[in-house]
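Here's the letter readout for the chains.
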Amino acid sequence: ALAMVPLGLSPAIAGPQPEQTMPAGRGDLRSGIVATAQALGMPPEWLATIISYETGGTFDPMQRGPTTQWGTHRGLIQFGEPQAREYGADFSSPEAALLSQLGPNGAIANYFRSRGWRPGMPLADAY
C-alpha cells in the first residue's frame, strides 16, 4: 500500500511539498492537485501521494521517467507519449505542463475518468 502524504506537513516530515517545488509564477501546484482530486471525487492526499511517488518526490510537472515501448514517460503521473497526446498533456514548457495536467478537465482527470475511476473507489483502484 502507498503511504499517505498529507498536504501541509513540514518537508522534514512528509518530504517536498508541491507549493515548495514550483517556482513562483508557474501556477499553484497545490491548488491544482486539490481541484483535480475534487473533480474526481478523490481525497487530495491520495492524488498528491501518487504524484509524489511518480515524480520521485519532486512534484515536477516535466519529470522525465523511463523510456518504454510508449516512448519517454513524463509528467506528474508519468504519461507515455501516446497517453500524453490522448489526454492532453503539453510538455512544451513547465507552465504548460502544469496547467495541462491539472484541473477538472486536465490530462490527469481525463486519464482517471477514461480508466474507470469513480468517486468512492479505494486508493488501490486509484493506483
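This structure is a prediction, so every number in the text was calculated from the model and none was measured.

Chemist: Before we go on, may I ask you to explain the overall build of the chain in this structure?
Modeler: Counting secondary structure elements, the chain contains eight helices and two strands. Each of the 127 residues in the chain was classed as buried or not, and the buried ones make up 44%. Long-range contacts, defined here as pairs at least 24 residues apart, represent 51% of the contacts in the chain between residues at least 6 apart. Surface accessibility of the chain: about 6,300 Å² in total, with carbon and sulfur atoms responsible for 53%.

Chemist: Got a minute to help me understand the environment of Tyr111 in this structure?
Modeler: Mapped onto the fold, Tyr111 is located in helix α7 (residues 107–114). Aside from chain neighbours lying at most four places away, what touches Tyr111 is Ile77, Phe79 and Tyr87.

Chemist: Before we go on, may I ask you to explain the pairing of strand β2 (residues 71–74) in this structure?
Modeler: Across a regular strand the side chains alternate sides, sitting on one face of the sheet and then on the other. Across three bridges, the pairing between strand β1 (residues 64–68) and β2 is antiparallel. If you follow Arg64 over to β2, its bridge partner there is Arg74. Where β1 folds back on β2, the antiparallel hairpin that results is connected by two residues.

Chemist: Please clarify how the side chain of Ser100 should be interpreted in this entry.
Modeler: For Ser100, the location among the structural elements is in helix α6 (residues 94–101). With a relative accessible area of 14%, Ser100 lands in the buried category. For Ser100, the side chain forms a polar contact with the main-chain oxygen of Ala97, separated by 3.3 Å.

Chemist: What should I look at first to understand the packing of aromatic side chains in this one?
Modeler: The way to describe two aromatic rings as a pair is by their centre distance and the angle between their planes. Taken as a whole and judged by the stated rule, the model has five aromatic pairs. Where Tyr53 meets Tyr127, the ring centres are 5.8 Å apart and the plane angle is 80 degrees; that geometry is what we call edge-to-face. In this pair, Tyr53 sits in helix α4 (residues 44–54) while Tyr127 sits in the segment after α8 (123–126), placing the two residues 74 residues apart along the sequence. Overall, Tyr53 belongs to the exposed group, its relative accessible area being 55%. Between Phe112 and Trp117, the aromatic rings sit 6.3 Å apart at their centres with planes inclined by 85 degrees, giving edge-to-face as the arrangement. Of the two residues examined, Phe112 and Trp117, each falls in the buried class. An aromatic cluster is built from Phe79, Tyr87, Tyr111, Phe112 and Trp117, whose rings are joined through pairwise contacts.

Chemist: Before we go on, may I ask you to explain the confidence of the model for the chain in this structure?
Modeler: Detailed conclusions should not be drawn from predicted coordinates in areas where pLDDT is low. Looking at the chain as a whole, its pLDDT mean stands at 85, while 79% of the residues score no less than 70. Contacts for the low-pLDDT stretch residues 1–26, under 50 throughout, to residues beyond four places or in other chains number 47 contacts.

Criteria and cut-off values
- Residues numbered from 1 in each chain as written.
- Predicted model: local features only at pLDDT ≥ 70, side-chain atom pairs only at ≥ 80, totals over all residues.
- Heavy atoms only, no water.
- Helix = DSSP H or I, 4+ residues; strand = E, 2+ residues; numbered from the N terminus.
- Buried < 20%, exposed > 50% of the residue type's maximum accessible area, 1.4 Å probe, protein only.
- Contact = heavy atoms within 4.5 Å.
- Areas by Shrake-Rupley, 256 points an atom, 1.4 Å probe, with all protein chains shown as cover.
- Pairing = 2+ DSSP bridges.
- Polar contact = N/O pair within 3.5 Å; in protein donor to acceptor, adjacent residues only side chain to side chain.
- Phe/Tyr/Trp six-rings, centres within 6.5 Å; stacked < 30°, edge-to-face > 60°.
- pLDDT = per-residue confidence, 0-100.

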